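Here's the letter readout for the chains.
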Amino acid sequence: MLATINRLPFQIVSNPYFQSFEVSFSEKPAQQIIDALKSLKMRWNPKKRVWYGFHPEDVIRKAILNATENEEI
């Protein structure tokens, strides 16, 4: 599902082979979003250019949304 946060589109896709979720962004996300993904123990895959982890999609989405709400402008 494609969503947009502060004009930064991102997509969360299920990877059934690894039973995980992958998050991709149209450009590099803010450090607050990266920190939120790391707090969920998500890892960066430079080859596929996605963040991946094993939390449910709604938990990942909530972490990203909360990180952008706290973002300083």
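Structural data are supplied above this passage.
The rules we used
Residues numbered from 1 in each chain as written. Predicted model: local features only at pLDDT ≥ 70, side-chain atom pairs only at ≥ 80, totals over all residues. Heavy atoms only, no water. Helix = DSSP H or I, 4+ residues; strand = E, 2+ residues; numbered from the N terminus. Buried < 20%, exposed > 50% of the residue type's maximum accessible area, 1.4 Å probe, protein only. Core = buried A, V, L, I, M, F, W, Y, C linked by side-chain atoms within 4.5 Å. Contact = heavy atoms within 4.5 Å. Salt bridge = Lys/Arg side-chain N within 4 Å of Asp/Glu carboxyl O.

> Could you give me a rundown of unusual backbone geometry, with the residues and numbers involved?
At Q19, a residue that is not glycine, the phi angle is positive and equals roughly 55°. Following the sequence through the fold, Q19 ends up in the loop between strand 2 (8-15) and strand 3 (20-25). Judged by its relative accessible area of 68%, Q19 is exposed. For K41, which is not a glycine, the phi torsion comes out positive at approximately 65°. Within the secondary structure, K41 sits in the loop between helix 1 (31-39) and strand 4 (43-45). Using a relative accessible area of 68% as the deciding quantity, one classes K41 as exposed.

> Please give an account of the nonpolar core that cites residues and values.
Counting 17 residues, the largest nonpolar core has V23, F25, L37, I60 and I64 as the members making the most contacts within it. Elements supplying a minimum of two residues to this core: strand 2, strand 3, helix 1 and helix 2 (57-69). When neighbours within four sequence positions are excluded, L37 is seen to be in contact with F25, M42, W51, I60 and I64.

> An account of the side chain of S20 is needed here, citing residue identities and associated values.
Summarising the element assignment, S20 is placed in strand 3. Apart from the residues within four sequence positions on either side, S20 is in contact with V13, S14, N15, G53 and F54.

> Before we move on, can you summarise the pattern of salt bridges with the specific residues and values?
Scanning the entire structure with this criterion turns up two salt bridges. Two residues, E22 and K48, come together in a salt bridge whose shortest N-O distance is 2.8 Å. One end of the pair, E22, is in strand 3; the other, K48, is in the loop between strand 4 and strand 5 (50-53), and 26 residues separate them in sequence. Judged by relative accessible area, which is 13%, E22 ranks as buried. A salt bridge links R61 to E57, with the nearest nitrogen and oxygen atoms 3.0 Å apart. Of the two residues, R61 and E57 both sit in helix 2, four residues apart, roughly one turn of that helix.

Coordinates in, geometry out; function isn't part of it.
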